[in-house]
Amino acid sequence: MAKSKVLVVGATGYVGSRIVKASLEQGHKTYVVQRPEIGLDIEKLQMLLSFKKQGAHLVKASFSDHKSLVEAVKKVDVVICTISGVHFRSHNLLMQLKLVEAVKEAGNVKRFLPSEFGMDPSKMGHALEPGRESFDQKMVVRKAIEEANIPYTYVSANCFAGYFVSNLSQLGTLTPPTDTVYLYGDGNVKAVFMDEDDVATYTIKTIDDPRTLNKTLYLRPPENILSQRQLVEMWEKLSGATLEKKSISGEQFLASMNDVDYATKVGIGHFYHIFYEGCLTNFEIGKDGEEASNLYPEVKYTRMDEYLKIYI
């Protein structure tokens, strides 16, 4: 079977750039949207040109120009959207509704993967304000996709290692603490941590796989299902350091929301659901989902002790 042609929207971002790389590496003809709104952002332009050097095709299109989006979509079989949905960077999830309209009009797409790549929003109907906005908007996009009868796969990639592992899941930093580590409750609630390159690899694996059509692909490789305390112990063993451990109760943690900016409030809410409720691991994958490492055992996913070595 011929490999699908892929269009990546949001290719210069944290996830998108990795999706482009994985798509090219797995032999897909890969198209990348080049938006005129890029203006004088030379870093983004140079990244797009580097994709072109690697074999990707640049396609000029804009969310403000419906016809250009339709024309871009018509070139491919699969559309993957990775526009940002985090509040401390940019938050554009509902712009995808314009892309859904273009995919619907083009009528040729065999698979659409919207910008998800985190917690499963269908499990987060109880989420705290203001962080629930992300989940609610992802569900609005899902509803539009399904009402348009567009074939889809949703990717639930859980915790990106760059934001949750390198810092031992401490808020407000990206590097390991040197003296004190704050544990959420007893630190024993299990979460799932993923190397971002592996997220991209699994995502591209799924696009031609009939087993994931109109399903959610959960990235839950067994050796990366870890508690925060296990992460800390992993780091101490690797680095030779012994950190002072201080526990924060759920009530204390939520109270810290009162005196911070909007983006930090969102982060605190999400951390609460992950590390106190265990929202990434407190459910079984049902008939509407598949687990990535089970489907694709050939992928040698990065274990978190290996990931942490670069920070020593």
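Everything here concerns the structure above.
Rules of the game
Residues numbered from 1 in each chain as written. Predicted model: local features only at pLDDT ≥ 70, side-chain atom pairs only at ≥ 80, totals over all residues. Heavy atoms only, no water. Axes fitted to C-alpha atoms, helices over the stretch in contact; angles between N-to-C directions. Helix = DSSP H or I, 4+ residues; strand = E, 2+ residues; numbered from the N terminus. Parallel < 35°, antiparallel > 145°, perpendicular 65-115°, else oblique. Left-handed = near helix turned anticlockwise from the far one by under 90°. Contact = heavy atoms within 4.5 Å. Nonpolar A, V, L, I, M, F, W, Y, C, P; charged D, E, K, R; others polar. Pairing = 2+ DSSP bridges. 1 Å grid on protein atoms, 1.4 Å probe; cavity = no way out; pocket = protein on both sides within 12 Å on 5 of 7 lines; lining within 4 Å. Points joined across faces, edges and corners; volume = space filled by probe spheres on them. Buried < 20%, exposed > 50% of the residue type's maximum accessible area, 1.4 Å probe, protein only. Right-handed = clockwise from strand over helix to strand, strands pointing away. Phe/Tyr/Trp six-rings, centres within 6.5 Å; stacked < 30°, edge-to-face > 60°.

Enquirer: Would you take a moment to explain the packing of helix 1 (residues 16-25) against helix 7 (residues 196-206) for this structure?
Expert: Each pair of packed helices can be summarised by the angle the axes make with each other and by the distance between the axes. The N-to-C vectors of helix 1 and helix 7 enclose an angle of 50°; their axes lie 8 Å apart at closest approach. The angle between helix 1 and helix 7 places the two elements in the oblique class. Between helix 1 and helix 7 lies a crossing of right-handed hand. Two secondary-structure elements touch here, helix 1 through Arg18, Ile19, Ala22 and Ser23 and helix 7 through Glu196, Asp197, Ala200, Thr201, Thr203 and Ile204. Of the residues contributing to the contact of helix 1 with helix 7, the split by class is four nonpolar, three polar and three charged.

Enquirer: Looking at this structure, how should I read the sheet that holds strand 7 (residues 159-160)?
Expert: Paired through backbone hydrogen bonds, the strands of a sheet run either parallel or antiparallel to each other. Overall, mixed pairing links the three strands, which are arranged 7-9-11 in an open sheet. The open sheet has two edge strands with one neighbour each: strand 7 and strand 11 (225-227). Summarising the sheet, strand 7 and strand 9 (residues 190-194) pair through two bridges and their orientation is parallel. Among the inter-strand pairings, Cys159 is bridged to a residue of strand 9, identified as Phe193. Its contacts with the sheet put helix 7 on strand 7 and strand 9, and the angle it makes with strand 9 is roughly 80°.

Enquirer: Would you mind going over empty space enclosed by the protein with me for this structure?
Expert: Per the counting criterion, the structure on display carries one cavity of 30 Å³ or more. In this model, the largest cavity occupies a volume close to 40 Å³. Looking at the largest cavity, the residues that line it are Met119, Asp120, Lys123, Met124, Ser156, Asn158, Cys279, Leu280 and Phe283. Tallied by class, the residues present in the lining of the largest cavity amount to five nonpolar, two polar and two charged.

Enquirer: Sorry, what's going on with the pairing of strand 2 (residues 30-34) here?
Expert: It is a general feature of regular strands that their side chains alternate between the two faces of the sheet. Counting buried positions along strand 2 gives five out of five residues, so the element sits mostly inside the fold. In strand 2, alternate side chains face the same way, and those of Thr30, Val32 and Gln34 on one face and Tyr31 and Val33 on the other are all buried. The pairing of strand 1 (residues 6-9) with strand 2 spans three bridges and is classified as parallel. When the sheet's bridge partners are listed, Val8 is paired in strand 2 with Val32. Read as a crossover between parallel neighbours, the route from strand 1 over helix 1 to strand 2 is right-handed. Relative to strand 3 (residues 57-60), strand 2 runs parallel, the two sharing four bridges. For Val32, the partnering residue across the bridge sits in strand 3 and is Leu58. Following the chain from strand 2 across helix 2 (residues 42-54) to the adjacent parallel strand 3, one finds a crossover that is right-handed.

Enquirer: For this particular structure, what's the right way to read the packing of aromatic side chains?
Expert: The description of an aromatic ring pair uses the distance of the two centres, along with the angle that the planes make with each other. As enumerated under the stated definition, the model contains 15 aromatic pairs in all. Note on Tyr14 and Phe160: the rings are 5.9 Å apart at their centroids and 55° apart in plane angle, and the pair reads as tilted. Taken together, the residues Tyr14 in the loop between strand 1 and helix 1 and Phe160 in strand 7 connect sequence positions 146 residues apart. The exposure class of Tyr14 is partly exposed, given its relative accessible area of 24%.

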